[in-house]
Amino acid sequence: MKNIVIKVGGSLLLTKQNKINHAFISQFCKIIKEGADYDQIIIICGGGSLAREYITFLRESGINEALCDSIGIEVSRLNSKMIIACLKDRAYPLVPKNLEDLSLALQFGKIILMGGIQPGQSTTSVAMEVAEYIDAHKVLILTDVQGIYDKDPDKDPNAKLIQNLTYDELHKLLLKAQSSIQSAAGEYRIFDRVSLQIIRRSQIKVLITSGYNLDEFRKFWVENKKISGTTISI
Ligand code: UTP
């Protein structure tokens with residue numbers, strides 16, 4: 001079986017102003033339908049700025065982190081439903097809420113869309129958990145940056161894109177970047193410790209690339225070619 005998991009960052013599905021990104025969604029769904037040579041495709045949607053908008057409001061209202069996370073999860077599931085609708089009969093009609101639901105959905109041979117599954121983690125972790133569960137050896141992360149940088153590219157103009165990272169190198173990078181904000185609802189950034197643990201133990205290869213240029217994604221998906229970004233592997 002050749003299986004793949006794709007995580008689509010919420011920042012691609014919704015703009016910073018929380019408007020639905022029509023152009024991205026229609027082009028992404030069109031490319032997905034052009035088909036790739038996989039037995040099982042699972043797409044995990046993030047919650048994006050809409051999730052963070054809810055979470056910020058609730059946190060300011062004194063609501064605990066677990067409840068904030070659960071709202072983020074709902075937004076990611078709503079985004080998944082939107083993509084299900086756009087993919088029409090190519091997609092399984094329900095959003096699995098856990099791995100048990102997923103095991104049932106897998107019986108139908110359709111593209112499966114998922115969002116979050118439990119508080120305390122990101123949809124990136126979901127992508128890795130799902131990849132492990134279906135024996136997918138590859139995960140593609142489409143996000144709003146080119147990949148992983150050696151420094152924060154928003155703060156440092158000299159930040160360089162890292163093309164290849166081993167699990168150990170990623171671990172060191174995560175230790176360096178660690179701060180308490182990274183483990184708050186809405187703030188599990190591009191890669192986290194849970195995700196690293198899973199890819200390391202199951203030797204999953206992860207490719208992170210920008211979803212802003214869908215021609216690159218098409219090259220990967222339809223033409224099976226190498227694309228720019230960061231590859232994390234053993
Ligand atoms: P993400 O933060 O993973 O979505 O999920 P995103 O915005 O697409 O992520 P990036 O930054 O572009 O990669 C939205 C929120 O939903 C909650 C978390 O609070 C998370 O920040 N969540 C998601 C969970 O609590 N559990 C999950 O399994 C998934």
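Below or above, wherever it landed, is the structure these notes cover. (Residues numbered from 1 in each chain as written. Predicted model: local features only at pLDDT ≥ 70, side-chain atom pairs only at ≥ 80, totals over all residues. Heavy atoms only, no water.)

**A look at the overall build of the protein**
Reasoning step 1: For the protein, the helix and strand inventory stands at nine helices and seven strands.
Reasoning step 2: Relative to the compact-globule value of 17 Å for 234 residues, the protein shows a C-alpha radius of gyration of 17 Å, a close match.
Reasoning step 3: Referenced to the eigenvectors of the C-alpha coordinate spread, the extents of the protein come out at roughly 40 × 40 × 35 Å.
Reasoning step 4: Looking at the protein residue by residue over its 234 residues, the buried ones come to 47%.
Reasoning step 5: Total accessible area computed for the protein in this model is approximately 11,900 Å², and 53% of it derives from carbon and sulfur atoms. (Helix = DSSP H or I, 4+ residues; strand = E, 2+ residues; numbered from the N terminus. Rg over C-alpha atoms; globule rule 2.2 N^0.38 Å. Buried < 20%, exposed > 50% of the residue type's maximum accessible area, 1.4 Å probe, protein only. Areas by Shrake-Rupley, 256 points an atom, 1.4 Å probe, with all protein chains shown as cover.)

**Thoughts on the side chain of S195**
Reasoning step 1: Along the polypeptide, S195 turns up in helix α8 (residues 193-202).
Reasoning step 2: In this structure the side chain of S195 is engaged in a polar contact, spanning 3.0 Å, whose partner is the side chain of D192.
Reasoning step 3: Sequence-distant contacts of S195, defined by excluding residues within four places in its chain, comprise T124, S125 and M128. (Polar contact = N/O pair within 3.5 Å; in protein donor to acceptor, adjacent residues only side chain to side chain. Contact = heavy atoms within 4.5 Å.)

**A short note on the pairing of strand β4 (residues 138-143)**
Remark: a regular strand shows side chains that alternate across the two faces of the sheet.
Reasoning step 1: A large share of β4 lies buried, amounting to five of its six residues.
Reasoning step 2: By the bridge criterion, five bridges tie strand β1 (residues 3-8) to β4 in an arrangement that is parallel. Within β4, the position partnered with V5 by the bridge is V139. (Pairing = 2+ DSSP bridges.)

**Digging into the side chain of N21**
Reasoning step 1: Examined against the element boundaries, N21 turns out to sit in the loop between α1 (10-13) and α2 (22-34).
Reasoning step 2: Only 3.2 Å separates the side chain of N21 from the backbone nitrogen of F24, close enough to count as a polar contact.
Reasoning step 3: Among residues more than four places away in sequence, those in contact with N21 are L12, L13 and L14.

**Structural notes on the packing of α2 against helix α4 (residues 65-87)**
Reasoning step 1: Where α2 meets α4, the closest approach of the two axes is 10 Å, and the angle between their N-to-C directions is 60°. In terms of orientation, α2 and α4 fall into the oblique class. The two elements α2 and α4 cross, and the hand of that crossing is right-handed. Contact with α2, carried on its side by I25, C29, I32 and K33, involves M82, I83, C86 and L87 of α4 and no other residues of that element.
Reasoning step 2: Classifying every residue of the contact of α2 with α4 by side-chain character gives seven nonpolar, no polar and one charged. (Axes fitted to C-alpha atoms, helices over the stretch in contact; angles between N-to-C directions. Parallel < 35°, antiparallel > 145°, perpendicular 65-115°, else oblique. Left-handed = near helix turned anticlockwise from the far one by under 90°. Nonpolar A, V, L, I, M, F, W, Y, C, P; charged D, E, K, R; others polar.)

**Some points on the sheet that holds strand β5 (residues 164-166)**
Reasoning step 1: Across the sheet, seven strands lie side by side as β3-β2-β1-β4-β6-β7-β5; this open sheet has mixed pairing. In this open sheet, the two edge strands, each paired with only one partner strand, are β3 (112-114) and β5. Averaged over neighbouring strand pairs, the angle between their axes works out to 20° when direction is ignored.
Reasoning step 2: Relative to strand β7 (residues 230-233), strand β6 (residues 205-210) is paired through three bridges, and the arrangement is antiparallel. Within β7, the position partnered with L207 by the bridge is T231.
Reasoning step 3: Packing of α2 onto the sheet brings it into contact with β1, β2 (40-45) and β4, and relative to β1 it is tilted by some 175°.

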